[in-house]
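Structural description and commentary
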Amino acid sequence: MRTRIKICGLRDAATARQVALLGADAIGLVFYPPSPRHVSVALAAEIVAALPVFVASVGLFVNASVENVSAVLEKVPLDLLQFHGDEDLAFCSQFGRPFIKALRVKPGINLLEYAASFVSPLCRGILLDAWVDGVPGGTGESFDWQALPNEWPLPLILSGGLHPENVAAAIACVQPWAVDVSSGVEQCKGIKDLVLVESFVRAVI
Ligand SMILES: O=C(O)c1ccccc1NCC(=O)[C@H](O)[C@H](O)COP(=O)(O)O
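Residues numbered from 1 in each chain as written. Predicted model: local features only at pLDDT ≥ 70, side-chain atom pairs only at ≥ 80, totals over all residues.

This brings us to the overall build of the chain. Looking only at helices and strands, one finds seven helices and ten strands in the chain. In terms of C-alpha radius of gyration, the chain reaches 16 Å, essentially the compact-globule figure of 17 Å for 205 residues. Once the C-alpha set of the chain is aligned to its principal axes, its extents read approximately 40 × 40 × 35 Å. For the chain, the proportion of its 205 residues judged to be buried stands at 39%. Across the chain, every contact between residues at least 6 apart in sequence was considered, and the portion connecting residues at least 24 apart equals 61%. (Helix = DSSP H or I, 4+ residues; strand = E, 2+ residues; numbered from the N terminus. Rg over C-alpha atoms; globule rule 2.2 N^0.38 Å. Buried ≥ 20, exposed ≤ 12 C-beta atoms within 10 Å, placed from the backbone. Contact = placed C-beta atoms within 7 Å.)

Here it is, written out as structure tokens:
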């Protein structure tokens, strides 16, 4: 079975639909205002409505308030939440929705201990991303896949600097449940390139 694919940072309904038709299993919507990929609630609702059935919509938050997450959930029928900041299990679980927790790979962090602390009914996976000081995600930077443990207590989603040329090697090395990409399939920050998306999907094994 092929590794699942999430394409993150969609900013218009037509492109999101195309990305899904090219083979993405999930698309990510960034609710983090400093990001160039940030979407409004209204635009996110439009994008989710344009997705074909069985393609998951993932709403991404970075240290957002409860009110902010709840306000998005009221208007946008998201399938999954993605917490990309310093949120703990209690924060992530309080919305009663399935979620994935991002972990930025930083020297000194005990990756397995961190992942184990999120094992719970609503946590559906751990997303590994690169650590870049001051920028929480979508950086296009990768990290040392060789240094990762072989076994994880939750399904693993690999991200950070993936692109059509390195994704097959990354999968062979890490054997994740899914891969996630943003910068590697863009013309410039926030603008997806459908040719790169197609190449990425084809390269995923
Ligand atoms: O995409 C963003 O702008 C972003 C901003 C703040 C936190 C997270 C963000 N993206 C999260 C993702 O899931 C990205 O796909 C992931 O960080 C990998 O990004 P890239 O290295 O650019 O492929």
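Attention now moves to the sheet that holds strand 2 (residues 26-30). As summarised here, the arrangement of the eight strands in space is 1-2-3-4-5-6-7-8, forming a closed barrel in which the pairing is parallel. Strand after strand, the sheet turns through a mean of 25° between neighbouring axes, direction not considered. Pairing of strand 4 (residues 80-83) with strand 5 (residues 99-105), which is carried by three bridges, proceeds in the parallel orientation. Bridge assignment links Leu81 to a residue of strand 5, and that residue is Phe99. (Pairing = 2+ DSSP bridges. Axes fitted to C-alpha atoms, helices over the stretch in contact; angles between N-to-C directions.)

Our next topic: the site of the ligand. Around the ligand, the structure places 25 residues, and the nearest of them are Cys8, Ser35, Gly137, Gly138 and Ser183. Only strand 2 and strand 8 (178-181) provide two or more residues apiece to the shell around the ligand. Of the residues assigned to the shell around the ligand, the class counts are eight nonpolar, 14 polar and three charged. (Near = placed C-beta within 6 Å. Nonpolar A, V, L, I, M, F, W, Y, C, P; charged D, E, K, R; others polar.)

For the rest of this paragraph, the subject is the UniProt feature "transmembrane region" (unreviewed entry) in the chain. The positions UniProt marks with the feature "transmembrane region" (unreviewed entry) are residues 41-62. Annotated as 41% helix and 27% strand, the span residues 41-62 places its first and last C-alpha atoms 15 Å apart. (UniProt positions renumbered as here; feature names shortened; annotations may be inferred.)

Turning to helix 7 (residues 194-203), its buried residues are Val197, Phe200 and Val201. What you see down the axis of helix 7 is that its buried residues fit within an arc of 95°, all on one side. In the core, the buried residues of helix 7 are packed alongside strand 1 (4-8), helix 1 (13-21), helix 6 (167-174), strand 8 and strand 10 (191-192). (Arc of directions from axis to C-beta.)

With that out of the way, let us pick up the pairing of strand 2. When a strand is regular, its side chains alternate between the sheet's two faces. Across the five residues of strand 2, five count as buried, placing the element largely inside the fold. Going residue by residue along strand 2, you find Ala26, Gly28 and Val30 tucked away on one face and Ile27 and Leu29 tucked away on the opposite face as well. As paired elements, strand 1 and strand 2 share three bridges and run parallel to each other. Within strand 2, the residue paired with Ile7 across the bridge is Ile27. Following the chain from strand 1 across helix 1 to the adjacent parallel strand 2, one finds a crossover that is right-handed. Bridge analysis of strand 2 against strand 3 (residues 56-61) gives five bridges, and the strand direction is parallel. (Right-handed = clockwise from strand over helix to strand, strands pointing away.)

Ranked by internal contacts, the top residues of the largest apolar core, which has 53 residues, are Ile7, Val19, Ala24, Ile27, Leu29 and Val179. Sequence-distant contacts of Val179, that is, excluding residues within four places in its chain, are made with Thr3, Ile5, Leu158, Ser159, Leu162, Val167, Ala170, Ile171 and Val204. (Core = buried A, V, L, I, M, F, W, Y, C linked by C-beta atoms within 7 Å.)

Let us look at helix 2 (residues 41-49). Residues of helix 2 that are buried: Ala44, Ile47 and Val48. Along the axis of helix 2, the buried residues cluster in a sector spanning 95°; they form a single face. Among the structural elements, helix 1, strand 2 and strand 3 are those in contact with the buried residues of helix 2.

We now examine the confidence of the model for the chain. Scored by pLDDT, the chain comes out at a mean of 97, with 100% of its residues at no less than 70. Interface scoring of the predicted complex returns ipTM 0.98; its pTM is 0.97. (pLDDT = per-residue confidence, 0-100.)

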